[in-house]
Amino acid sequence: MPRDFLQGVRDHYDVAVIGSGLGGLTAANILAREGRSVLLLEQHYKLGGLATWFKRPGGHIFDISLHGFPYGMLKSCRRYWSNDIADSIVQLEHIRFDNPMFSLTTTFNREDFTRLLSTRFAIDPAVIKEFFDTARGMNFYDDQSLTTGELFQKFFPGREDVVRLLMEPITYANGSTLEDPAITYGIVFSNFMSKGVFTFCGGTDHLIKSMETEMLANGVDIRIRCDVQKVIVENGRVAGVRVNDRDIRCSTVVSNANLNSTIFGLVGEEKFDRNFVDEARAVRLNNSSTQVYMALAEGDSIDRSTGDLLFCSTAPLFRTELLLSKDITSRTFSFYYPDIRPEGKQRHLIVSSTNANYSDWKSLDSEQYEEAKKNLVETTLDALEKYVPNCRERIVHAEAATPLTFERYTKHVAGSSFGTKFEGLAVSRGLPHQVGGLYHAGSCGIIMSGWLGTINYGVIVANDVDNFLMKRSGAGAAV
Ligand SMILES: Cc1cc2nc3c(=O)[nH]c(=O)nc-3n(C[C@H](O)[C@H](O)[C@H](O)COP(=O)(O)OP(=O)(O)OC[C@H]3O[C@@H](n4cnc5c(N)ncnc54)[C@H](O)[C@@H]3O)c2cc1C
């Protein structure tokens, strides 16, 4: 008989959280901490969503999305998770750029960028200060008509090299482009510039295990291999979820699944106003990614000066379409040194990431797909040779992931790495106005994506849900 992953489940919960990405986990944890009964449903056999890892023989553990996040993670983790989690966050100090326009290493904060922009790029310090102040002063309610490209044009006209330095890492970090609203750039860039780039010491497996422990202590009912098929709506309000062919009643739903599949798949467009459906249909998905995971043999090592994060490109100029092209010219290499996994086997690992178009991979037949994956590994090794000499002889394991891999494991529409484009945020926030008790907390809108963005979005939505439940029970106050 197949195992019942819902064994012992209750008849009713205050909240059902669909998906265990960082946004779903955070919302679940906060709501349980506030005394709400919370059922967390994850279709995969592991928690974490895109914050995940996998193991390969030889003691290699590869992280998928642990490349870097802003300092704000430390504060959010301390406040909404635990001191242990926050205390494991450490800075990555060697961020490298190597492209036909410049090669440099930086600590990736305002001080060092100011130094570089004035000395290496000969920009007037007053202009640099004004640019940083402008970016830092941006917030969600600002004018959204100014694009990032126009912002750069205003401060650094004609300076493609400066645009590349300022934009390339952010495009990599959240898929945003020069055509997106400048606030999406300003907010994310300023987050990084506050103190630099940080990572989680111990690896994603350690983080997710710690989060699971915390959630269990707070009473979250955690269920893996539980694929939610439907959000049950009765009389314009959430009434429950259908999961593994079984109906479970709940007062609210927080969907951490892709915004598009939440609206059109889990709930169904007939439950929303026509105008809202049109608005939701117009939301663009963010791009997807490819990755190549590589491990050096036991005892072999990479010199620390190689960097922690390396933005390398052979493209003469920075162009969004080049970053997405299947003929890859730009890669971000993450180098993992053993001190990031102090308790694991002492392995040096490299992960190469590139932004990618889903359609380039979806259109291939299975033979072409396998060939394209092999080619991705080969061309990545070619590119890595410059930074890790003789890498072909030294690498004992290499494999690739594509947009189809991300789609398969997370059910993100078109394998989207960062949910939706900016306009998705208003639609995500509009859900509870359409269906009482229906919320979404997951990557959307560029600002609310990435590890920090989704954790913070989980916090915001947990507050909304708690207020809704309080109002319903007539109690009144906020979290
Ligand atoms: C290659 C790559 C590299 C990245 N690198 C970084 C980085 O260095 N720094 C950074 O900050 N961010 C990075 N990101 C982005 C970051 O990982 C994500 O923005 C973030 O983890 C997404 O969290 P989320 O809460 O939106 O949920 P997701 O991680 O998208 O998880 C959604 C969860 O919902 C589950 N689910 C979906 N449908 C159902 C259903 N019907 N029933 C049950 N469960 C369901 C899925 O299985 C999944 O577990 C990267 C992303 C990618 C793809």
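In short, a report on the structure. (Residues numbered from 1 in each chain as written. Predicted model: local features only at pLDDT ≥ 70, side-chain atom pairs only at ≥ 80, totals over all residues. Heavy atoms only, no water.)

### Some remarks on the packing of aromatic side chains
Which entries qualify depends on this criterion: When the centres of two rings from Phe, Tyr and Trp lie within 6.5 Å, Trp using its six-membered ring, the rings pair. Their planes under 30 degrees apart give stacked, over 60 give edge-to-face, and anything left gives tilted. For every residue, the accessible area (1.4 Å probe, protein chains only) is compared with the maximum for its type, and the residue is labelled buried under 20%, exposed over 50%, or partly exposed between those bounds.
Taken as a whole and assessed by the stated rule, the structure comprises 26 aromatic pairs. Between Phe-97 and Phe-102, the aromatic rings sit 6.0 Å apart at their centres with planes inclined by 50°, giving tilted as the arrangement. Like Phe-102, Phe-97 is buried. Following the ring pairs from residue to residue traces out a cluster consisting of Phe-108, Phe-113, Phe-131, Phe-132, Phe-152, Phe-155, Phe-156, Tyr-185, Phe-189 and Phe-192.

### Observations regarding the site of the ligand
Selection rule: Summary of the distance rule: residues count as near a molecule or strand when at least one heavy atom falls within 4 Å of that molecule or strand. The definition of a polar contact used here is a pair of N or O atoms within 3.5 Å, where within protein one atom must be able to donate a hydrogen and the other to accept one, and adjacent residues in sequence count solely through side-chain atom pairs. Under the convention used here, a 1.4 Å probe and the Shrake-Rupley method define accessible areas, while residue burial counts only the protein chains that appear. Numbering of helices and strands starts at the N terminus; helices are DSSP runs of H or I of at least 4 residues and strands are runs of E of at least 2.
Looking at the ligand, there are 36 residues lining it, with Glu-42, Gln-43, Leu-50, His-412 and Trp-451 nearest. A distance of 2.8 Å separates an oxygen atom of the ligand from a polar atom in the backbone of Gly-23. Asp-227 is positioned with one of its side-chain polar atoms (N or O) 3.3 Å from a nitrogen atom of the ligand. Isolated, the ligand exposes 1000 Å² of accessible area, and the fraction of that covered by the protein chains is 97%. For the shell around the ligand, the elements supplying multiple residues, two or more each, are helix H1 (22–33), strand S13 (288–296), helix H16 (403–410) and helix H18 (450–473).

### A closer look at the sheet that holds strand S14 (residues 309–313)
Inclusion rule: The pairing criterion is simple: DSSP has to find at least two bridges between the two strands. In this description, a line fitted to the C-alpha atoms serves as the axis of each element, helices being fitted only across the stretch in contact, and the angle between N-to-C directions of two axes falls anywhere from 0 to 180 degrees.
Strand order in the open sheet formed by seven strands is S7-S6-S14-S15-S16-S13-S17, with mixed pairing between adjacent strands. The open sheet has two edge strands with one neighbour each: strand S7 (103–106) and strand S17 (395–401). Here the strands of the sheet are splayed against their neighbours by 15° on average, with no regard to which way each runs. Strand direction decides the pairing type here: strand S6 (residues 95–98) and S14, joined by four bridges, are parallel. In the strand pairing of S14, Asp-98 is matched with Cys-312.

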